[in-house]
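Residue-level structure breakdown
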Amino acid sequence: MKKDNKKNFISLVIVLVFLGIVLLLDQVIKPTDNMSMLLTVLQKGSVYALAAVSMNLLNGFTGLFSLGHAGFMLIGAYTYAMLTIPDAARADVYQYYDPAIRFSIPEVLSNGIGPAGTALGVLIAVIIAGLIACLFAYLIGLPVLKLKSDYLAIATLGFAEIIRAIFQWSKLGPLTNGSNLLKGFERTSTFKLAIGDFTLSLSTFVPVLIATICIWIIVLIKNSTYGRAFVAIRDDEIAAEAMGIDLAHHKMLSFCTSSFFAGISGAMMAMVLSIAQASNFRSAMTYEILLMVVLGGIGSISGSVIGAFLFISTSEWWLRGLDSGKWLGISAPGIFRNGFRLVVFSVIIMIVVLFFRKGIMGDKELTLEMVKAWPKNIFNWIRSIPKKIKSLFSKKEAK
Amino acid sequence: MSLWQTIFPYILSGISVGGQYALIAIGYTMVYGILRLINFAHGDVFMVAGLSMVYLAASLPLYLAIPVMIILTVALGFTIERVAYKPLRTAPRMSVMISAIGVSYLLQNLALYITGGLNKNYPEIPWISDKITIFGATTTRVTVITPFVTIALVLILVWVINHTKIGMAMRAVSKDFETAQLMGIKINNVISITFIIGSFLAAIGSMLFFTNYPGVVPTSGGMPGLKAFVAAVFGGIGSIPGAVIGAFIIGICESLIKGLDTILMSQGVIAEQIGFATFSDAFTFILLIIILVFKPMGLFGEKQTDKV
C-alpha cells in the first residue's frame, strides 16, 4: 500500500513537471521560430492522444471493435463551437441561416463574473460537448451493442456517416450552419492569462492540460471495478457473464464513456484548429486514430499516448521534409514531392501492423521500472540483431 | 409530367449504380465468406483500377489499356492478400481487419502522391459513353448495359462456383476452413483465386462506374466500397445472389433519395426543397442498421450459432 502511494506520488510529480515544461515552452517558443512545430505537435498530439486513449478504452479494454469515433468527435466539435461563438460574430458565421442559438456560454459568464468566466465557460462548453456525444452514444448503443465484432464495426462506422449527414443537412442550418464550417468561437490561440504586465500564453498548455486530466480519469476508470469488468468482457464474454457481470450494462457504460471522451477530444480539436467542419470527420479520421492505437499497442493507455504523439510528430514534423524536396540532407525534388511523406508513413504503419503486431507497448503500461531497465534492454537488443538476421534467412516455411 | 416520367430516370441510374456496386460487393462477400474478413482495401483496389485506366489510356490504345488495367488490378488484389493478409492467417481477426485498414490507408496515400491530389479525368470509352434515349430519358449507353453485364458476370461466377472443382473448393473452405485444409484443399490457392476474382470484378466495375463520373480522386473508392460492403451485408454476407440483390436495392434507393426533392415537388407533395439529397449516402447505412437489428444475417445469410 505504502509503495503504491509512493509510486502515485512520483507519477504525479512527473506529470506536474511535464505540464510545467509545456507551460514554459508555450512562453519561450514564438510562432515564427523553427521549433514552433513542437507546439503544433503538442497541441494536435494531445487531441489525438485523448481520442486514441478513449478508443482504446472501447476497442482495447472492452474488446468492442467500434469504428464510430469520428462521429462522436464531430458531435463534440460542433457542440463546443455552437456554444462558444460570441453573439456579435454569429451573423458573420451563419451567412445563409438565421442562427438558432443566440448566446455564448463564455460570453455570458464573463459578463457575469469577469475574465475567469471565459475560462469557466470554455470548460462548461467542453463538458457539454462530451455529454452530448455521450447521449448520442447511448441512443446508438441501444441497437448496435448487441451486434458481434465485424457487424458492430460496420454499424458504428455507418452511424458516424449518418451523424455527418445530419450535421450537414440544410434544414439544421440555423444550428450547424449546414455544410459550411463553423468559426469564430473560443480557440486556443487566443487563450491568455494576464498577470500584471506579463501576459501568459496558454495556447498549448490548455489542450495538454485537458488531455492530461481526461487521460488520468480514464486510467482511474481502468483500474476501478468497472475497468476490470471491461477487461473480463474482452477476454471472455461468456465467462464474464457467468461471473455475474451484466454484459449489456457494462458494454453500454464503456461505449458511453469512450464517446464522452471522444466528444471532448472533438471539442479540443475545434479549439486547436479554430474551425469545425463536418466534412473533416470522415471515416479516414477513425482509421488514423485506430492506427495510433495499434502503433502504441492495443490495450495500453500509455501506448496510445505514445502512439498518438509519435504519429502526429512523424507525419506533421519529422517527415515533413519528404514533402518539400529535402530530408536529412538528401535532396531529391523529383521523388520528395507533395504526399511522399504520407506514403513513407503508411509503409511504416504497415510494417508495424505486419511485423510488430503488439505495437510499442503491447498491453503493458509504461512504468518507472521499465524506463530504468531501458539502457540494458536496448543494449541486449542491439547485441541480438545479428542473430535475428541470421534466423530470418534460415527460416523455413512454418506450417 | 406524370409520376413515372419523373421517377424513371432515377430508377434507371439507380439500377446502373446498383450493378456497379454489385460487382464490388461480390469481392467483399466472397472474401468474407472464406476469411471472415472485411476487406477494407477492396474499395481502394477499385479506385486504383480507375486511376491506372486513366494513366494507361494516356499512353496505350484503348484495346490494350483495358486488358492491362484488368491484369494490374488483379495483380494488386493478389499481392495485397499475399503480403498483408497471409502472414496474419493465425492472428486474431481484429489484427487482419487492422491490416486491411492499413492497406487502404497506404493505397489512398500512394494515389494521393501519384496524382498530386488532383482530379484525373476518366478516358472516354467509345460506344459505351455514347448518349442514348430510352423511354424518353436521356442517358449514356453504359447506364443501360451495366445491369446486363453484371448479371451475365454473376451467372458465370455462380456457374463456376457450383460446377467446377475450384468452385467446390471455395464452397468447402467457406463452410469449414480447417476441415477443408485437412481434406487436402490448398487453402492459399483458393484464397488467392478468391481475391483474383474479386479484383477482376472490381476492375470491370470501375470501368462502368467511372465512365459515368467526371473523374477519379484518391478517395473515390471509399464510399462505393463501403456501400458495396453494406450491400453484401444486406443480402447476407457470403451469399453472391444476396450481394447482387442487395446492391441493386441500395443503388435504386440511393438514386431515388437523390431525386426525392424533385420528385415530391413535381407531385406537389412539398412546396420547397427539403435537402434529402444530403442523406443519399447516409441512407445506405440506415438501411444497414435496420437490417442488422431485425435480421442480423441479412436477407439470404445462413444462421450461425456460437459455440462455447
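This brings us to the overall build of chain B. For chain B, the count of helices and strands is 12 helices and 4 strands. Here the C-alpha atoms of chain B give a radius of gyration of 20 Å, agreeing with the 19 Å that 2.2 N^0.38 yields for 308 residues. On the principal axes, the C-alpha backbone points of chain B span a range of 65 × 50 × 35 Å. Looking at chain B residue by residue over its 308 residues, the buried ones come to 49%. Considering only intrachain contacts with a sequence separation of at least 6, the fraction spanning at least 24 residues in chain B is 76%.

Attention shifts here to the overall build of chain A. A count of helices and strands for chain A gives 17 helices and 6 strands. Against the compact-globule benchmark of 21 Å for 399 residues, chain A has a radius of gyration of 23 Å, which places it among compact chains. With the C-alpha coordinates of chain A rotated into their principal frame, the extents come out at 70 × 60 × 55 Å. Put simply, chain A has 399 residues, and 43% of those count as buried. Pairs at least 24 apart in sequence give 75% of the contacts found in chain A among residues at least 6 apart.

Moving on: the pairing of strand β2 (residues 131-134) of chain B. All names here are of chain B. Inspection of the sheet shows β2 paired to strand β3 (residues 137-140) by 4 bridges, in the antiparallel sense. Directly across from Lys131, in β3, lies its bridge partner Thr140. Taking the residues that link successive antiparallel strands as the turn, the β2-β3 hairpin has 2 residues, and the phi of Phe135 there is positive, at about 45 degrees.

All names here are of chain A. For the pair helix α2 (residues 36-61) and helix α14 (residues 301-318), interaxial distance at closest approach is 8 Å and the crossing angle is 140 degrees. Here α14 runs oblique to α2, going by the angle between their axes. Once α2 is placed against α14, the crossing between them reads as right-handed. Here Met37, Thr40, Val41, Lys44, Gly45, Tyr48, Ala49, Ala52, Val53 and Asn56 of α2 come into contact with α14, specifically with Ile301, Ser304, Val305, Gly307, Ala308, Phe309, Phe311, Ile312, Ser313, Glu316 and Trp317. Across the contact of α2 with α14, the residue classes break down as 13 nonpolar, 6 polar and 2 charged.

Turning to the packing of helix α1 (residues 3-35) of chain B against helix α8 (residues 187-211) of chain B, a few remarks are in order. Residue and element names in this part refer to chain B. In the contact formed by α1 and α8, the axes pass within 7 Å of each other and the chain directions differ by 165 degrees. The angle between the axes of α1 and α8 places the two elements in the roughly antiparallel class. Where α1 crosses over α8, the handedness of that crossing is left-handed. Contacts between α1 and α8 involve Gln20, Leu23, Ile24, Ile26, Gly27, Met30, Val31, Ile34 and Leu35 on the former and, on the latter, Ile191, Thr194, Phe195, Ile197, Gly198, Ser199, Leu201, Ala202, Ile204, Gly205, Leu208 and Phe209.

The next point concerns the interface of chain A and chain B. Listed by partner, the interface residues are 36 residues for chain A and 36 residues for chain B. Tallying contributions element by element places helix α7 (residues 149-168) of chain A first for the side of chain A that touches chain B, with 12 residues. When the residues that make up the side of chain A that touches chain B are grouped by side-chain class, the tally is 25 nonpolar, 7 polar and 4 charged.

Moving on, we get to the confidence of the model for chain B. Should the pLDDT be low somewhere, the predicted coordinates at that spot are not to be read in detail. Averaged over every residue, the pLDDT of chain B is 85; the share at 70 or more is 97%. The ipTM value of the predicted complex is 0.85, and its pTM value is 0.87.

A few words now on unusual backbone geometry. All names here are of chain A. Even without glycine at this site, Ser274 takes up a positive phi of about 60 degrees. Note that Ser274 resides in the loop between α12 (247-273) and β4 (275-276). Ser274 sits in the partly exposed class, given 16 other C-beta atoms within 10 Å.

Turning to α8(B), a few remarks are in order. An ideal rise of 1.5 Å per residue puts 36 Å on 25 residues; α8(B) measures up with 36 Å between its terminal C-alpha atoms. Counting buried positions over the 25 residues of α8(B) gives 19, a clear majority of the element.

Right, let's get into the nonpolar core. In a soluble, globular protein the nonpolar side chains are often hidden away together inside. Core analysis: the biggest nonpolar cluster contains 201 residues, and Leu50(A), Ala25(B), Ala231(B) and Leu288(B) have the highest contact counts within it. Sequence-distant contacts of Leu50(A), that is, excluding residues within four places in its chain, are made with Ala211(A), Cys214(A), Ile215(A), Phe261(A), Ile264(A), Ser265(A) and Met268(A).

All names here are of chain A. Examined against the element boundaries, Leu83 turns out to sit in helix α3 (residues 69-84). A tally of 23 C-beta atoms within 10 Å means that Leu83 is categorised as buried. Measuring from C-alpha to C-alpha, the distance between Leu83 and Ile213 comes to 22 Å, with 130 residues separating the pair along the chain. When near neighbours in sequence (up to four residues on either side) are disregarded, Leu83 contacts Ser104, Ile105, Ala125 and Ile128.

All right, on to the confidence of the model for chain A then. Chain-level pLDDT for chain A is 82 on average; 90% of the residues reach the 70-or-more range. The least confident element of chain A, judged by mean pLDDT, is strand β5 (residues 326-327) of chain A at 63; the most confident is α12(A) at 91.

Residues and elements named next belong to chain A. Checked against the element boundaries, Met252 lands in helix α12. What makes Met252 partly exposed here is the crowd of 16 C-beta atoms within 10 Å. Expressed as a C-alpha distance, the spacing of Met252 and Ala137, which sit 115 residues apart in the sequence, is 8.5 Å. Those residues in contact with Met252 that sit more than four places away from it in its chain are Gly141 and Leu145.

Residues and elements named next belong to chain B. By secondary structure assignment, the location of Gly222 is in helix α9 (residues 222-234). Residue Gly222 is classed as buried on the basis of its C-beta count, with 21 C-beta atoms lying within 10 Å. Along the primary structure Gly222 and Val149 are separated by 73 residues, whereas in three dimensions their C-alpha atoms are 23 Å apart.

Parameters and conventions
Residues numbered from 1 in each chain as written. Chains lettered and ligands numbered in written order. Predicted model: local features only at pLDDT ≥ 70, side-chain atom pairs only at ≥ 80, totals over all residues. Helix = DSSP H or I, 4+ residues; strand = E, 2+ residues; numbered from the N terminus. Rg over C-alpha atoms; globule rule 2.2 N^0.38 Å. Buried ≥ 20, exposed ≤ 12 C-beta atoms within 10 Å, placed from the backbone. Contact = placed C-beta atoms within 7 Å. Pairing = 2+ DSSP bridges. Axes fitted to C-alpha atoms, helices over the stretch in contact; angles between N-to-C directions. Parallel < 35°, antiparallel > 145°, perpendicular 65-115°, else oblique. Left-handed = near helix turned anticlockwise from the far one by under 90°. Nonpolar A, V, L, I, M, F, W, Y, C, P; charged D, E, K, R; others polar. pLDDT = per-residue confidence, 0-100. Expected span 1.5 Å × (residues − 1). Core = buried A, V, L, I, M, F, W, Y, C linked by C-beta atoms within 7 Å.

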